[in-house]
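# Coordinates in review
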Amino acid sequence: MTHFGLDVVLVAGALSAALLTAKLSAKISVPSAAFFLVAAAVASDIFPSLVLRIQTVERIATLALIVILFQGGSSIGRRRFRVAAIPIASLGVLGTFATAGLVALFGHWALGLGWVTAGLLGAAVAPTDPAVMFSVLGDREVAGRTGTILEGESGANDPVGIALMLGMIQLATHADATFWIVVRVFCEQMAIGLAIGVAGGLAEAQLLRRLELPSTGLHTVRTLALAGLVYGLATVAHGSGFLAVFVAGLLVGDIRAPFKAEIEVFQEALAALAEIVVFVALGLTITISGLTATRWGEGLLVAAFVVVVARPLAVGVLLAPAHLRTTERVFVAWGGLKGAVPILLAAFAVAQHVPHAQQIYELVFVVVLASVAVQGGTIPFAARLLGIGMRRIGPTLRVEPSR
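Model, not experiment: these values are computed from the prediction.

### Some points on the overall build of the protein chain
From N to C terminus, the protein chain includes 16 helices and 2 strands. The proportion of buried residues among the 403 residues of the protein chain is 54%. Accessible surface, the protein chain: about 17,500 Å² in total, of which carbon and sulfur atoms supply 70%.

### Considering the packing of helix H12 (residues 293-318) against helix H13 (residues 326-334)
Any two packed helices are characterised by the angle at which their axes cross and by the distance between the axes. Where H12 meets H13, the axes come as close as 9 Å, and the angle between the chain directions of the two elements is 130 degrees. One element, H12, and the other, H13, form an angle in the oblique class. Considering the relative orientation of H12 and H13, their crossing is right-handed. Residues Val307, Arg311, Pro312 and Val315 of H12 form the contact with H13, whose participating residues are Arg329, Val332, Ala333 and Trp334.

### Quick look at the nonpolar core
One finds Leu121, Tyr361 and Val364 to be the most contacted residues of the largest nonpolar core, which totals 109 residues. Of all the elements, helix H15 (residues 357-375) adds the most residues to this core, at 12 residues. Residues in contact with Tyr361, not counting those within four places in the same chain, are Ile54, Leu282, Thr285, Ile286, Ile343, Ala346, Ala347 and Val350. Counting 7 residues, the second-largest nonpolar core is a separate cluster that includes Ala163, Phe186, Val247 and Leu251.

### A short note on the side chain of Thr62
Within the secondary structure, Thr62 sits in helix H3 (residues 54-83). The buried category is assigned to Thr62, whose relative accessible area is 12%. Beyond its immediate chain neighbours, meaning those up to four positions away, Thr62 contacts Tyr231 and Phe242.

### Quick notes on the pattern of salt bridges
Side chains carrying opposite charge are able to pair once their charged atoms draw close together. Throughout the structure, instances matching the rule amount to 5 salt bridges. A salt bridge links Glu153 to Arg311; the shortest N-O distance between them is 2.6 Å. Residue Glu153 is located in helix H7 (residues 146-173), and its partner Arg311 is located in helix H12; the two are separated by 158 residues in the primary sequence. Across the pair, Arg311 and Glu153 agree in class, each one buried. Here Glu328 ties to Arg325 by a salt bridge, and the two come within 3.6 Å at their closest N and O atoms. Residue Glu328 is classed as buried on the basis of its relative accessible area, which comes to 9%. A single salt-bridge network, built from bridges that share partners, covers Arg295, Glu298 and Glu362.

### Observations concerning the packing of helix H14 (residues 340-351) against H15
Put simply, H14 and H15 touch, their axes get as near as 8 Å, and they point 175 degrees apart. Judged by the inter-axis angle, H14 sits roughly antiparallel to H15. Mapping the contact onto sequence places Pro342, Ile343, Ala346, Ala347, Ala349 and Val350 in H14 and Ala357, Gln358, Ile360, Tyr361, Val364, Phe365 and Val368 in H15. Of the residues assigned to the contact of H14 with H15, the class counts are 12 nonpolar, 1 polar and no charged.

### Regarding the environment of Trp115
Inspection of the secondary structure puts Trp115 in helix H5 (residues 115-125). Look at Trp115 and you get partly exposed, because its relative accessible area is 48%. In the structure, Trp115 is positioned 11 residues away from Ala104 in sequence and 7.3 Å away in space, judged by C-alpha atoms. Non-local contacts of Trp115, meaning those with residues more than four positions away in its chain, are made with Ala104, Leu105, His108 and Trp109.

### Some remarks on the confidence of the model for the protein chain
Overall, the prediction assigns the protein chain a mean pLDDT of 77, with 79% of residues at 70 or greater. Scored below 50 in pLDDT, residues 395-403 makes 17 contacts in the model with residues more than four places away or belonging to other chains.

### Quick look at a nonpolar patch on the surface
There is a patch of nonpolar side chains on the surface, built from Val38, Val42, Ile46, Phe47 and Leu50 and spanning about 420 Å² of accessible area. Within the fold, Phe47 resides in the loop between helix H2 (32-46) and H3.

### Side note on the packing of aromatic side chains
Evaluation of the coordinates by the stated rule reveals 4 aromatic pairs. Aromatic pair Phe97 and Phe186: ring centres 5.0 Å apart, planes at 80 degrees, arrangement edge-to-face. Here Phe97 is found in helix H4 (residues 85-111), whereas its partner Phe186 is found in helix H8 (residues 180-210), with 89 residues between them in sequence. By relative accessible area, which is 33% here, Phe97 ends up partly exposed.

Thresholds applied
Residues numbered from 1 in each chain as written. Predicted model: local features only at pLDDT ≥ 70, side-chain atom pairs only at ≥ 80, totals over all residues. Heavy atoms only, no water. Helix = DSSP H or I, 4+ residues; strand = E, 2+ residues; numbered from the N terminus. Buried < 20%, exposed > 50% of the residue type's maximum accessible area, 1.4 Å probe, protein only. Areas by Shrake-Rupley, 256 points an atom, 1.4 Å probe, with all protein chains shown as cover. Axes fitted to C-alpha atoms, helices over the stretch in contact; angles between N-to-C directions. Parallel < 35°, antiparallel > 145°, perpendicular 65-115°, else oblique. Left-handed = near helix turned anticlockwise from the far one by under 90°. Contact = heavy atoms within 4.5 Å. Core = buried A, V, L, I, M, F, W, Y, C linked by side-chain atoms within 4.5 Å. Salt bridge = Lys/Arg side-chain N within 4 Å of Asp/Glu carboxyl O. Nonpolar A, V, L, I, M, F, W, Y, C, P; charged D, E, K, R; others polar. pLDDT = per-residue confidence, 0-100. Patch = residues over 30% accessible without salt bridge, like charges linked within 9 Å, V, L, I, M, F, W, Y side chains within 5 Å. Phe/Tyr/Trp six-rings, centres within 6.5 Å; stacked < 30°, edge-to-face > 60°.

Written out as structure tokens, the structure is:
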């Protein structure tokens, strides 16, 4: 019992520190994810017993992303998504492939990586991260469609990046495989995930309207259970569970139902907790002292290439047909934040014993840290510089009478 009490004290202390860090983050505009990631990595240096196995972190990150993606889809809703559907789909699918391809070329020619290793690195760093994007933009109102585009893209391109990474892992671990295996895995993941996400979202919409449970707590638990069920069904069917969860969230986001306001508050709180947990867990997989100067240098080069070349090229070409000002396109290009998803994708490679997976993991860690700290910390400044309307919105108590 003594050991259990000590564990409770440590967990409670860590959560209290995380809340204080979040307050500091709001004042200096650097996303709290950066603090969680660095603090956990430093802690694993000081206390080696804290280092977590990749397989354990993979499970933690998966559970956290289910919550974050479902809440993110719900917060966008079908109406907001429809306004920017074409830019979101374009950046979410084609933009992910374009960024991955450009990074693969850079990794091969500039860093001397083999083509498969470079492709794995590109697939890992291509997606933007919903945990960071929803954290940075969640309490800010952005004028125009840019905020919706960034939030929607971060939810849509994660399943694309994950499917691409799974295909690349198949290519890397099967000597007789060709690139067609990547295409097959990707198409299978997307089609099945989309179908189950739509079915799950429509079913939950009907339940929200027709089935009134006796308490708020039961409604919130049912919503969480739906997200887990949709993810599980899609995964068992060899589809993208993350896409299914995000789509289901989109479809139920605008539904008026009993206790809807309370459910949204619960989802936001749970997503915030999931963000803390996933970044701490990911930080505990690596030690700062274990990263060589060479790895830091290579990682910063990749981060700079993504920010200055790959992301702007993809956004510039794909958003050319969209009715956006040049400054809005620049803001979308700068807002492609990396986070938990790229590290999770690199963890997939380590867990599957892909050649050079540890090198990929370390590079991705540096890229994510640079992106969260530098890009994430300058989002409000970039908005002011580019003339993008952005204002912080305070918390509001949303109360809707049950029917």
